[in-house]
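Residue-level structure breakdown
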Amino acid sequence: MAVLEFYFDFRSPYAYLAQSQLHRLGVEVAYRPFEILGLMDRVGNVPTSITCKAKNRYLGADLQRWMAVYRVPLQRHPQIAEIDPRRLLRASLAADEIGLAPPAVGAIFQAFWGSGAPLTTAIDVAAVLGAAGVSGPGLAARIDNPALDRALDAATEEAIERGVFGAPTMYLGEEMFFGNDRLDFVRARLGVAA
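Residues numbered from 1 in each chain as written. Predicted model: local features only at pLDDT ≥ 70, side-chain atom pairs only at ≥ 80, totals over all residues. Heavy atoms only, no water.

With that settled, the discussion passes to the nonpolar core. Ranked by size, the top nonpolar core spans 60 residues in total, and within it Leu-4, Phe-6, Phe-8, Leu-22, Phe-109 and Leu-129 carry the most contacts. Element by element, the count of residues in this core is highest for helix 6 (residues 101-115), at nine residues. When sequence neighbours within four positions are dropped, the list of residues in contact with Phe-8 reads Ala-15, Tyr-31, Arg-32, Pro-33, Phe-34, Leu-89, Ser-92, Val-105, Phe-109 and Ala-167. (Core = buried A, V, L, I, M, F, W, Y, C linked by side-chain atoms within 4.5 Å. Buried < 20%, exposed > 50% of the residue type's maximum accessible area, 1.4 Å probe, protein only. Helix = DSSP H or I, 4+ residues; strand = E, 2+ residues; numbered from the N terminus. Contact = heavy atoms within 4.5 Å.)

This is the structure we're talking about:
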């Protein structure tokens, strides 16, 4: 069976949109979190929606279109400035350690971009995970473990070495697909109908 590697950072609304559609591919997904701003800095990429005001204005309309196509809610999290994005990424690594990355990643993306559920503390994140059936002894404490921070740095380095320059990035074998708007190419490669 094919495996789709899905490189993401929760801060990317386009990664959220792509992730919302992965279940339709009928393929195993290997979730690969990375720290997007550090990666972009290292590879010479810039978040152009931040540096270009015209593009930033356009993004609102573009995201609304994708939201309608995918039939998913999408809103800017009301506490975005208070959320530690590395904590969310560490939580996905902690869930992966216990074999529960798919529901964890989906729950965090939904909380971040869909429902606006609290995500400012490790206990908040653990509650979001628990509601999705992702739990384990000491999970809330594990989320802020320095070893997972180092693992996230290593995962970001691995993404750089792989050729990732932004999110979402997907791989089928060595073939790379960038952006939620490339899911049709992924489907074609897999032989899956839209």
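The subject of this paragraph is the pattern of salt bridges. Applying the stated criterion across every chain, the model contains 16 salt bridges. Among the ionic pairs, Arg-142 bridges to Glu-97, the shortest N-O distance being 2.6 Å. Placement of Arg-142 in helix 8 (residues 139-143) and of Glu-97 in helix 5 (residues 85-97) is noted, with a sequence separation of 45 residues between them. Of the residues examined, Glu-97 reaches a relative accessible area of 48% and is grouped as partly exposed. (Salt bridge = Lys/Arg side-chain N within 4 Å of Asp/Glu carboxyl O.)

The next point concerns the pairing of strand 3 (residues 169-172). What you see with strand 3 is no split at all: Thr-169 and Tyr-171 on one side and Met-170 and Leu-172 on the other are buried throughout. Across four bridges, the pairing between strand 1 (residues 3-8) and strand 3 is antiparallel. Note on strand 3: the bridge partner recorded for Phe-6 is Met-170. Where strand 3 lies against strand 4 (residues 175-178), four bridges are found, and the strand directions are antiparallel. Counted as the bridge partner of Met-170 is Phe-177 from strand 4. Where strand 3 folds back on strand 4, the antiparallel hairpin that results is connected by two residues, among which Gly-173 adopts a positive phi of roughly 60°. (Pairing = 2+ DSSP bridges.)

A word on the sheet that holds strand 4. With mixed pairing, four strands are arranged side by side in an open sheet as 2-1-3-4. Edge positions in the open sheet fall to strand 2 (28-33) and strand 4, since each of these has one partner strand only. Along the sheet, successive strands turn relative to each other by an average axial angle of 25°, direction set aside. Its contacts with the sheet place helix 10 (residues 183-190) against strand 1, strand 3 and strand 4, and it is angled at close to 10° to strand 3. (Axes fitted to C-alpha atoms, helices over the stretch in contact; angles between N-to-C directions.)

Attention shifts here to the layout of surface pockets. Put simply, the largest pocket is a space of about 1200 Å³. The wall of the largest pocket is formed by 38 residues, among which Arg-11, Ser-12, Pro-13, Ser-49 and Leu-59 lie closest to the centre. Counting only elements with at least two residues in the lining of the largest pocket, the list comes to helix 1 (13-19), helix 2 (36-43), helix 3 (48-51), helix 4 (53-70) and helix 6. For the lining of the largest pocket, the leading source of residues is helix 4, giving nine residues. Looking at side-chain class alone, the lining of the largest pocket contains 21 nonpolar, eleven polar and six charged residues. Volume-wise, the second largest pocket comes out at about 240 Å³. Along its surface, the second largest pocket is lined by 13 residues, and Gln-21, Val-69, Tyr-70, Asp-184 and Arg-187 are the ones closest to its centre. Elements with a minimum of two residues in the lining of the second largest pocket: helix 4 and helix 10. For the lining of the second largest pocket, the class distribution of residues is six nonpolar, two polar and five charged. (1 Å grid on protein atoms, 1.4 Å probe; cavity = no way out; pocket = protein on both sides within 12 Å on 5 of 7 lines; lining within 4 Å. Points joined across faces, edges and corners; volume = space filled by probe spheres on them. Nonpolar A, V, L, I, M, F, W, Y, C, P; charged D, E, K, R; others polar.)

With that out of the way, let us pick up a nonpolar patch on the surface. A contiguous nonpolar patch, built from Val-43, Phe-165, Met-176 and Phe-178 and spanning about 280 Å² of accessible area, is present on the exposed surface. Residue Phe-178 is classed as partly exposed on the basis of its relative accessible area of 31%. (Patch = residues over 30% accessible without salt bridge, like charges linked within 9 Å, V, L, I, M, F, W, Y side chains within 5 Å. Areas by Shrake-Rupley, 256 points an atom, 1.4 Å probe, with all protein chains shown as cover.)

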